[in-house]
Amino acid sequence: GSSAIINNKNTKKQQSKNPARSTSTKKPKSSPSNTFTRIVPDLGWTGFTMLIIIACSIVYTLSNDTKLLSGPFMLDAINKLKENPEIRTIGSSLMNKRIGSEASNPNLNYNDPSRPLASLSFQLNYRYGGFNESTLQLDPTVFRITNFVLHALNAVLVGWIAHLLHRTLSLNIGSSSTSNNSGGDRKVKATATATATTGGIDDKMVAFATTALFAASPFNHSVASYTYARSDIMGATGTFLFVIFGLEKLLGPSLASSSSSSNSNSNNSFYAHSYDKQRKKFCFDLKMFIAIIFGLFSKQLTVIAPAVLLFIHLVLLELPWQRKKSSDGDSISIFASMANVLNSLIVTLYCHSLSFITIALYFITRLAKFGSIADLELITVNAVSYPCYLTNQPYAWFRYGATLFYPNGIALDHNLIQDKFCQTKETKVACVALFLVFCVMVVRTFNIARSATTSSASTSSLEQIILAGLGWFGLNILPSSVTITSDVYCERRAYAAGAGLYSAFVICMFDLLKKKKTSKPSSTSLMSMRSIVYTSIIAALVGYFMITSLDANQNFYSSEALWRNVVSQYSDSMRGRNNLANSLSTQIQEQLLGCNSNSYATVDTKTCPAFNSTMYSEAESLYYSLLQSNPNDGYAMSGIARLHYLTGHAETAIQWWRKTAKADHMLA
């Protein structure tokens, strides 16, 4: 001990003789490993490789299904891919002006100008393996494989985000000790509490578990299986990268370099000091700009990404910072907390102002080029009224959230577009429930700005991450909820939104299973038991997700399977019954062509072994059921006419086609 004191005195003398030398610091030389850790904080080579292995293994297991990969194009993919001549040349017609009669073309067989990067990816698929030379048809396999690769990438990014969120939460910048000790002693105790749960392999489990859940989710897997959902997947990639780069910008230099240090107290001081400097600067750089542009040119819903990052910044960093600044270990008044919230909003808005300016410039450019800032294919006809559409959305939000964890009733098409749905009990209850949730979120946000005691630190941390997850979820769904489209409920809209809920769920589970109320370190056996419990719960949920996803693959085997799934869930869906009947009718046509390749209309159905009379009867009954619901349904009349023509009853077919022309001039 005395030797250390003597050495310390000698060091001070040395510094006093040459102060310039003592204060100078030598920057470490950049190395490939340091560069990597600046890109992948905390995770390092091993952790990041594990994320890739987990994501790729799960996605490969779920998508390694020949029937799934070679399943036909469905819904919008028929017009936008299979029958779209503009995807045959790389770089062709990516941002053509689509307004007026061209945009109202019912065929929609052209590139969407609001998604040029998604269209470019389809063109690349067509050029490199997407066109079968022998059949002269598009091969869905290449298109789906690309979707699954992008989905695996997104799963890695979501795990990365969850890890950053957990690290941000564990900084506990706003916590302070209730101890009566003074000055530096209080600061040391506070930082020790804040960093007690960080670092180590257990901390990385948050990233691994979130990646596994996102990759295995039947909700997300069905989106990746739908070829035309490419824009949603790529738009989510832009959003995820934007949030990752933004969080790293807020947290300062490499997290990995500090987490590898043995002095956890100095680490937390470093974090807090880094944020103190960064909060006074703009949170925007070239990486974030590239990420947001990539997202915007893939899917316009990425416009909400800056608001998502701002909300995370507000809840996890700025509000706790304001709380610590205005308190000394005690809860503050409601007026002081309101001032904290107002100051936090001003700081975060200033910090992210360049991001919002970028979004504004994007809208101005879009308005100048296309004459519209909204999606050019928005359906504004009287499918549903706007008030009806808005009142349906709370129900859709709750259903999105529930389906992310309990994947029951997944389908590409849902019967939630009728006006009568607005007056149902479910929508009214959902509206009230959403309002109550919003009120609770506002109240708890003020609580974060008010409570400053260590005793409430763990509860406050859970509130913070729950608020961050709910805010992420709601903000990502908001753009599609305020702009009326042909569908009230569409699963792929919640693809990016689910990342926030999965991250919050995993982090809350992780923190709840840790022992927080005692100052004594937990025993090794107790921590091991909790790790086993945590891992078992996550493994069970991932296993359940994977089994459900594998079972849902059959929905993409054929058009018939897709619409049978829809009709089984919505027996009164007119669109579902019509499209199921159409798919059966197409199969009947192929059966009859097998007996006579020259003309199916001259085939005797009694002597054709391939003809399936049961399938014919089912298709016919489906069309007639549509006429019972709507006697002027032109699509049903046209379907009946087609069935008669296929089986050689031309005169009867002509009569039904005449009825079709009178009932629906668009089909005349």
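Computed from a predicted model, the values in this text were never measured in an experiment. (Residues numbered from 1 in each chain as written. Predicted model: local features only at pLDDT ≥ 70, side-chain atom pairs only at ≥ 80, totals over all residues. Heavy atoms only, no water.)

Bringing the overall build of the protein into the picture now. From N to C terminus, the protein includes 28 helices and two strands. Counting across all 668 residues of the protein, residues that qualify as buried make up 50%. Accessible surface for the protein amounts to roughly 31000 Å². Of this, 61% is attributable to carbon and sulfur atoms. (Helix = DSSP H or I, 4+ residues; strand = E, 2+ residues; numbered from the N terminus. Buried < 20%, exposed > 50% of the residue type's maximum accessible area, 1.4 Å probe, protein only. Areas by Shrake-Rupley, 256 points an atom, 1.4 Å probe, with all protein chains shown as cover.)

Remark: helix H27 (residues 634–646) packs on helix H28 (residues 650–663), axes separated minimally by 8 Å, with the N-to-C direction vectors making an angle of 165°. The orientation of H27 with respect to H28, classified from their angle, is roughly antiparallel. Crossing hand, H27 versus H28: left-handed. Only Ala650, Thr652, Ala653, Trp656, Trp657, Lys659, Thr660 and Ala663 of H28 make contact with H27, whose side of the interface consists of Gly634, Met637, Ser638, Ile640, Ala641, Arg642, His644 and Tyr645. Of the residues assigned to the contact of H27 with H28, the class counts are nine nonpolar, five polar and two charged. (Axes fitted to C-alpha atoms, helices over the stretch in contact; angles between N-to-C directions. Parallel < 35°, antiparallel > 145°, perpendicular 65-115°, else oblique. Left-handed = near helix turned anticlockwise from the far one by under 90°. Contact = heavy atoms within 4.5 Å. Nonpolar A, V, L, I, M, F, W, Y, C, P; charged D, E, K, R; others polar.)

In this section: the pattern of salt bridges. Scanning all chains against the criterion turns up five salt bridges. A salt bridge links aspartate 232 to lysine 299; the nearest nitrogen and oxygen atoms lie 3.5 Å apart. Of this pair, aspartate 232 sits in helix H12 (residues 230–251) while lysine 299 is found in the loop between helix H15 (286–296) and helix H16 (305–326), placing the two residues 67 residues apart along the sequence. By relative accessible area, aspartate 232 is classed as buried at 6%. Close ionic contact of arginine 564 with glutamate 618 constitutes a salt bridge, the shortest N to O distance being 2.8 Å. Remark: glutamate 618 occurs in helix H26 (residues 613–629) and arginine 564 occurs in helix H24 (residues 559–569); sequence separation between them is 54 residues. Since its relative accessible area comes to 33%, arginine 564 is described here as partly exposed. Beyond isolated ion pairs, a larger network of salt bridges with shared partners links Asp232, Lys299 and Arg492. (Salt bridge = Lys/Arg side-chain N within 4 Å of Asp/Glu carboxyl O.)

Two elements in contact, helix H25 (residues 574–595) and H27, have axes whose closest approach is 10 Å; the angle formed by their N-to-C orientations is 15°. Of the possible angle classes, the one that applies to H25 and H27 is roughly parallel. Our pair here, H25 against H27, has a crossing hand that is left-handed. On the side of H25, the interface is formed by Asn578, Asn582, Ser585, Thr586, Ile588, Gln589 and Leu592, while H27 contributes Tyr635, Ala636, Arg642, Leu643 and Leu646.

What follows concerns H24. Three or more residues of H24 are buried, namely Glu560, Leu562, Trp563, Asn565, Val566 and Val567. Summarising the contacts, the buried residues of H24 are in contact with H25.

The next subject is a nonpolar patch on the surface. A cluster of nonpolar side chains, namely Tyr386, Leu390, Leu478 and Val482, defines an oily patch on the protein surface of about 310 Å² accessible area. Contributions of two or more residues to the nonpolar patch are made by helix H19 (386–405) and helix H21 (457–482). Turning to its location among the elements, leucine 478 is positioned in helix H21. (Patch = residues over 30% accessible without salt bridge, like charges linked within 9 Å, V, L, I, M, F, W, Y side chains within 5 Å.)

Position of serine 298 relative to the elements: it lies in the loop between H15 and H16. Note: C-alpha distance between serine 298 and threonine 237 (61 residues apart in sequence) is 9.3 Å. The residues touching serine 298, leaving out its near neighbours within four places in the chain, are Arg115, Leu117, Ala118, Ser231, Met234 and Gly235. In this structure the side chain of serine 298 is engaged in a polar contact, spanning 2.8 Å, whose partner is the backbone oxygen of phenylalanine 294. (Polar contact = N/O pair within 3.5 Å; in protein donor to acceptor, adjacent residues only side chain to side chain.)

The next point concerns unusual backbone geometry. Only a minority of non-glycine residues have a phi that is not negative, and only a minority of peptide bonds are not trans. Look at leucine 75: it is not a glycine, yet its phi comes out positive at around 50°. With respect to the element layout, leucine 75 can be found in the loop between helix H5 (66–69) and helix H6 (76–82). On the basis of relative accessible area, leucine 75 is assigned to the partly exposed category, the value being 25%. Non-glycine residue serine 93 carries a positive phi angle of around 50°. Residue placement: serine 93 occurs in the loop between H6 and helix H7 (116–130).

Take the confidence of the model for the protein next. Averaged over all residues, the pLDDT of the protein equals 78, while 74% of them reach at least 70. Confidence scores differ between elements of the protein, with helix H9 (residues 183–194) showing the lowest mean pLDDT of 38 and H15 the highest of 95. In the model, residues 254–270 has pLDDT below 50 throughout and makes 30 contacts with residues more than four positions away in sequence or in other chains. The model gives residues 516–520 a pLDDT under 50, and that stretch makes three contacts with residues more than four places away or in other chains. (pLDDT = per-residue confidence, 0-100.)

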